[in-house]
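# Coordinate inspection notes
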Amino acid sequence: MLVKHSVISNIGRLSSLSPSSSVLRRQQFLVRTLCGSRFNPLKLIRAMSSTSEADAESILRTITPSLDPKRHKGQAGKIAVIGGCREYTGAPYFAAISALKIGADLSHVFCTKDAAPVIKSYSPELIVHPVLEESYSISEFSEEDKRKVQDKVIGEVDKWMERFDCLVIGPGLGRDPFLLECVSKIMLLAKKSNVPFVVDGDGLFLVTNSVDLVKSYPLAVLTPNVNEYKRLVQKVLNCEVDEQNAEDQLRSLAKQIGGVTILRKGKSDLISNGETVKSVSIYGSPRRCGGQGDILSGSVAVFLSWAQQLKSGPESPSENPAILGCIAASGLLRKAAALAFAKHKRSTLTSDIIECLGESLEDISPAS
Ligand SMILES: NC(=O)C1=CN([C@@H]2O[C@H](COP(=O)(O)OP(=O)(O)OC[C@H]3O[C@@H](n4cnc5c(N)ncnc54)[C@H](OP(=O)(O)O)[C@@H]3O)[C@@H](O)[C@H]2O)[C@@H](O)CC1
Ligand SMILES: Nc1ncnc2c1ncn2[C@@H]1O[C@H](COP(=O)(O)OP(=O)(O)OP(=O)(O)O)[C@@H](O)[C@H]1O
Ligand SMILES: [Mg+2]
């Protein structure tokens, strides 16, 4: 019994190492020798590594601020989404409205001129800035005039930048080269002002092709889906996604990008900043309708801001605010998705999940 306990505790330590290491092979040999051939050390290692499952509900309770009458508008969060173009108007709306539904005070959207009236028509709650430009609208311009347009776009965002607690860059942004060049300048501005940002959707397309834009910025969070993650791994680690060593690979990827936080979306959401790896596997919904990732990116922005506020107070949590924000957002989205699915089954849509965000958070952290 004692021997088995010591073997298990060694495997616990080993589960944070690369399973291909010679130390691990030696340890597997030891386990087989001590515990018999039917004992499967790899199964045990997997079970041990599941201890990285985060307690999302308790984190949600810790970082959600109380509704204090002494607080004024803006103190619960001012979020801005950079996204929305001719093709995609739903994604920036989902991200921005989710931020409000969770409890942020103000939610802005910076999108192209075509997308703005559409997004405004979805909701009067959002503050929509029609400032981004795509190549087609300036195709006749000289290089100098194009530069002027770019300066104007950057100026429009810059005058707001310091007021934001967090940006969400990418939902429904599209892949127009002129627009993406402007957005890369917006990222530089955010870094200069120390404003955290969540990069999602087409923002990840941009970042994958220019990793330096986020490298070593500790306030950057990347939220890749399956395709976006594959592209990041190929570009940064120069290899394919390895499902057998998912946690180690995610840790390496985050480390290689200088300690940014990555939330890898999937059956379980995996979160790492190159040091720790946490998972959130609360049962969500079997519906995979588009837009759920947009809810997540808007939610990460709010929870990250709240965790950041807590960090400057007396009850500062030891864990990094970006990691806490990702865990909280993932846990809440999954709970809301489960609730929406219970009500709507096969016809569950992203807007149904958004309607369940408030009830799900209330269940975990009641307003009064
Ligand atoms: N209601 C809405 O408004 C919603 C809008 N959404 C918004 O949609 C955008 C794309 O996000 P997504 O999640 O569809 O991207 P993803 O899974 O990587 O790609 C799937 C496949 O499509 C392809 N592909 C994509 N874009 C392409 C392009 N411009 N041109 C050519 N190919 C392109 C891609 O090909 P690949 O990149 O692998 O070459 C892959 O095969 C993003 O802005 C998101 O926020 C969503 O949030 C959902 C709700
Ligand atoms: N197979 C799955 N089982 C359960 N939940 C999942 C699964 N895949 C994704 N999710 C959940 O759905 C959320 C959105 O992830 P998804 O991979 O759909 O993002 P996305 O493709 O970026 O979405 P979007 O359509 O908004 O762009 C994640 O937080 C995750 O919790
Ligand atoms: Mg997405």
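This one's a predicted model, so the numbers in the text were calculated from it and none came from an experiment. (Residues numbered from 1 in each chain as written. Chains lettered and ligands numbered in written order. Predicted model: local features only at pLDDT ≥ 70, side-chain atom pairs only at ≥ 80, totals over all residues. Heavy atoms only, no water.)

This part covers the packing of helix α8 (residues 177-192) against helix α9 (residues 201-209). Angle between the axes and distance between the axes: these two values describe a pair of packed helices. In the contact formed by α8 and α9, the axes pass within 11 Å of each other and the chain directions differ by 85°. The orientation of α8 with respect to α9, classified from their angle, is roughly perpendicular. Residue-level inspection shows L180, V183, S184 and M187 of α8 in contact with α9, the latter providing D202, G203, F205, L206 and V207. Residue composition of the contact of α8 with α9, grouped by class: 6 nonpolar, 2 polar and 1 charged. (Axes fitted to C-alpha atoms, helices over the stretch in contact; angles between N-to-C directions. Helix = DSSP H or I, 4+ residues; strand = E, 2+ residues; numbered from the N terminus. Parallel < 35°, antiparallel > 145°, perpendicular 65-115°, else oblique. Contact = heavy atoms within 4.5 Å. Nonpolar A, V, L, I, M, F, W, Y, C, P; charged D, E, K, R; others polar.)

Before going further, it helps to examine the site of ligand 2. Around ligand 2 sit 14 residues in total, of which N225, K265, D269, G291 and G293 are the nearest. Separating an oxygen atom of ligand 2 from a backbone N or O atom of Q292 is a distance of 3.3 Å. Protein contact buries 77% of the 620 Å² of open area that ligand 2 shows by itself. Looking at the shell around ligand 2, the elements that each hand over two or more residues are α12 (292-311) and α13 (321-344). Looking at the shell around ligand 2, the element that brings in the most residues is α12, giving 4 residues. Counted by class, the shell around ligand 2 contains 2 nonpolar, 6 polar and 6 charged residues. (Near = heavy atom within 4 Å. Polar contact = N/O pair within 3.5 Å; in protein donor to acceptor, adjacent residues only side chain to side chain. Areas by Shrake-Rupley, 256 points an atom, 1.4 Å probe, with all protein chains shown as cover.)

Turning our eyes to something else, we now look at the nonpolar core. For soluble globular proteins, the rule of thumb is that nonpolar side chains tend to be buried together. The biggest cluster of nonpolar side chains holds 58 residues, and the ones touching the most others in it are I79, I102, L126, V300, F303 and I327. Top element by residues in this core is α13. It accounts for 12 residues. L132, M161, L232 and V236 belong to the second-largest nonpolar core, a separate cluster that totals 50 residues. (Core = buried A, V, L, I, M, F, W, Y, C linked by side-chain atoms within 4.5 Å. Buried < 20%, exposed > 50% of the residue type's maximum accessible area, 1.4 Å probe, protein only.)

Bringing the pairing of strand β9 (residues 277-280) into the picture now. With 4 bridges connecting them, strand β8 (residues 269-272) and β9 associate as antiparallel partners. Residue pairing in the sheet places L270 in a bridge with S279 of β9. Count of turn residues in the β8/β9 antiparallel hairpin: 4 residues, of which G274 carries a positive phi of about 95°. (Pairing = 2+ DSSP bridges.)

In this section: the site of ligand 1. The full set close to ligand 1 counts 15 residues, and G172, R175, D202, R231 and D294 are the nearest of them. The side chain of N225 places a nitrogen or oxygen atom 3.2 Å from an oxygen atom of ligand 1. Protein coverage of the free-state accessible area of ligand 1, which is 870 Å², stands at 56%. The leading source of residues in the shell around ligand 1 is helix α5 (residues 90-102), at 3 residues. When grouped by side-chain class, the residues that make up the shell around ligand 1 number 5 nonpolar, 6 polar and 4 charged.

The positions that UniProt labels "domain: YjeF C-terminal" (unreviewed entry) are, in the present scheme, residues 56-364. A helix fraction of 50% and a strand fraction of 13% characterise residues 56-364, whose end C-alpha atoms lie 10 Å from each other. (UniProt positions renumbered as here; feature names shortened; annotations may be inferred.)

What follows deals with the packing of aromatic side chains. Given two aromatic rings, their pairing is described by the distance between the two centres and the angle made by the two planes. Taken as a whole and judged by the stated rule, the model has 6 aromatic pairs. With centroids separated by 6.4 Å and ring planes inclined at 15°, the aromatic side chains of W160 and F164 adopt a geometry described as stacked. Exposure remark for W160: the relative accessible area of 22% places this residue in the partly exposed category. A relative accessible area of 5% places F164 in the buried class. (Phe/Tyr/Trp six-rings, centres within 6.5 Å; stacked < 30°, edge-to-face > 60°.)

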